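Listed here are the chains, written in short residue letters.
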Amino acid sequence: MGNPLLDICAVVDKDFLDKYGLKPNDQILAEEKHKELFEELVKKFKVEYHAGGSTQNSVKVAQWMIQSPYKAATFFGCIGKDKFGEILKKKAEEAHVDAHYYEQSEEPTGTCAACITSDNRSLVANLAAANCYKKEKHLDLEKNWKLVEKAKVYYIAEAATFAREQGFETEDIKEIARKTQALPKVNTKRQRIVVFTQGKDDTVMATENEVTTFPVLVSDQSEIVDTNGAGDAFVGGFLSQLVYDRPVTECIRAGHYAASVIIKRSGCTFPEKPDFH
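Only a predicted model underlies this, so the values are computations on that prediction, with no experimental measurement involved.

Cut-off values and rules
Residues numbered from 1 in each chain as written. Predicted model: local features only at pLDDT ≥ 70, side-chain atom pairs only at ≥ 80, totals over all residues. Heavy atoms only, no water. Helix = DSSP H or I, 4+ residues; strand = E, 2+ residues; numbered from the N terminus. Rg over C-alpha atoms; globule rule 2.2 N^0.38 Å. Buried < 20%, exposed > 50% of the residue type's maximum accessible area, 1.4 Å probe, protein only. Contact = heavy atoms within 4.5 Å. Areas by Shrake-Rupley, 256 points an atom, 1.4 Å probe, with all protein chains shown as cover. Core = buried A, V, L, I, M, F, W, Y, C linked by side-chain atoms within 4.5 Å. Axes fitted to C-alpha atoms, helices over the stretch in contact; angles between N-to-C directions. Parallel < 35°, antiparallel > 145°, perpendicular 65-115°, else oblique. Left-handed = near helix turned anticlockwise from the far one by under 90°. Salt bridge = Lys/Arg side-chain N within 4 Å of Asp/Glu carboxyl O. Pairing = 2+ DSSP bridges.

### Some thoughts on the overall build of the chain
Moving on, step 1. For the chain, the count of helices and strands is 9 helices and 10 strands.
Moving on, step 2. In terms of C-alpha radius of gyration, the chain reaches 19 Å, essentially the compact-globule figure of 19 Å for 277 residues.
Moving on, step 3. When the backbone C-alpha atoms are referred to their principal axes, the chain occupies close to 55 × 50 × 40 Å.
Moving on, step 4. Among the 277 residues that make up the chain, the fraction classed as buried is 44%.
Moving on, step 5. Nonlocal contacts in the chain, meaning residues at least 24 apart in sequence, comprise 66% of its contacts between residues at least 6 apart.
Moving on, step 6. Total accessible area on the chain is roughly 15,900 Å²; 51% of this is exposed by carbon and sulfur atoms.

Here it is in structure tokens:
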């Protein structure tokens, strides 16, 4: 469950960035001055559409890694009753994700413009409808709640501010992982496992007994096209093995594999089939 966004990707010129006050390599939330940007992008440049938003990206990658059965992954989120919403539905269908969108007409479908200049990407996200999800009008409906009950694994995204909010008073990732693992837990049937990714640095895993690090797959700098979707891809790869009850070390290996594929392509896209063994 997360914010569904329609990614609108296009190669633009410097004038376009200047007009909307965008930096070549940046990630921002749309303001009033960016209102016209999305329509202009579509009118002026050759655009590609992808089903996006962090959680939806992870679900797409998980489904790609699983391959079959289709629709192994279910996604909930809110869109608008509009042209972009229709495109988003089509794109989720193409990715074989079982997307159940709550559709409303107060806000337009959330979009993320990816304005590409040479090897830079300026991302402008307009959450719009993504903020309008109504649990009682959608998730609580019997047909949707059945899907929740049927699910084996649930994914919610966590934020890096977690350590600060918890008052851990340390910036050491291993220590944060250890302290997070040791937090009180309602379900005592199984222990909590904590996994932190750190971009190109080692992935950290904390279990009840130890904190372990795993090096990421090294890519030739010249092959790296776009690191934006790497974290989402890691989650997708990880989940694809978790549903098969494979060891967490295997889940991490799959996460690293998926991330290594995504960073060599523009946007959170992937080849037809994974090459993961």
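Structure's up, so let's keep going.
### Remarks on the nonpolar core
Moving on, step 1. Ranked by internal contacts, the top residues of the largest apolar core, which has 28 residues, are Val12, Phe16, Leu37, Leu41 and Cys115.
Moving on, step 2. Mapped by element, the contributors of at least two residues to this core are strand E1 (5-11), helix H1 (14-19), helix H2 (37-44), strand E3 (48-52), strand E4 (74-80), helix H4 (83-94) and strand E6 (111-117).
Moving on, step 3. With 4 residues, the top contributor of residues to this core is H4.
Moving on, step 4. Aside from chain neighbours lying at most four places away, what touches Leu37 is Phe16, Tyr20, Leu22, Ala113 and Val124.

### Re unusual backbone geometry
Moving on, step 1. Residue Pro69 is reached from Ser68 by a cis peptide bond, and omega for that bond is 5°.
Moving on, step 2. Inspection of the secondary structure assignment puts Pro69 in the loop between helix H3 (54-66) and E4.
Moving on, step 3. Of note, the phi angle at His96 is positive, near 60°, even though the residue is not glycine.
Moving on, step 4. Mapped onto the elements, His96 comes out in the loop between H4 and strand E5 (98-104).
Moving on, step 5. Look at His96 and you get partly exposed, because its relative accessible area is 29%.
Moving on, step 6. Within the chain, Ala128 stands out as a residue other than glycine whose phi angle is a positive 40°.
Moving on, step 7. Mapped onto the secondary structure, Ala128 falls in the loop between strand E7 (120-126) and helix H5 (142-150).

### Re the packing of helix H8 (residues 230-242) against helix H9 (residues 248-262)
Moving on, step 1. Between H8 and H9, the least distance of the axes is 7 Å, while the angle of their chain directions is 140°. Comparing the axis directions of H8 and H9 gives the class oblique. The handedness of the crossing between H8 and H9 comes out as right-handed. Across the interface between the two elements, Ala230, Ala233, Phe234, Gly237, Phe238, Ser240, Gln241 and Leu242 of H8 pack against Val248, Glu250, Cys251, Ile252, Ala254, Gly255, His256, Ala258, Ala259 and Ile262 of H9.

### As for the pattern of salt bridges
Side chains bearing opposite charge may pair, as long as their charged atoms lie close to each other.
Moving on, step 1. Inspection of the entire model under this criterion finds 14 salt bridges.
Moving on, step 2. Between Lys91 and Glu94 there is a salt bridge, with its nearest N and O atoms 3.3 Å apart. One end of the pair, Lys91, and the other, Glu94, are both in helix H4, 3 residues apart, so they sit about a helical turn from each other.
Moving on, step 3. On the basis of relative accessibility, which here comes to 22%, the residue Lys91 falls in the partly exposed class.
Moving on, step 4. Among the ionic contacts, a cluster of salt bridges with common partners joins Lys19, Glu40 and Lys44.

### Regarding the pairing of E7
Moving on, step 1. With 5 of 7 residues buried, E7 is to be regarded as a mostly interior element.
Moving on, step 2. Bridge count for strand E2 (residues 26-29) against E7 is 4 bridges, and the pairing is parallel. When the bridges of E7 are listed, Leu29 appears paired with Ala125.
Moving on, step 3. Where E6 and E7 come together, 7 bridges link them in antiparallel fashion. By the bridge assignment, Cys112 is partnered in E7 with Ala125.
Moving on, step 4. From the end of E6 to the start of E7, which pair antiparallel, there are 2 residues, and Ser118 there has a positive phi angle of about 45°.

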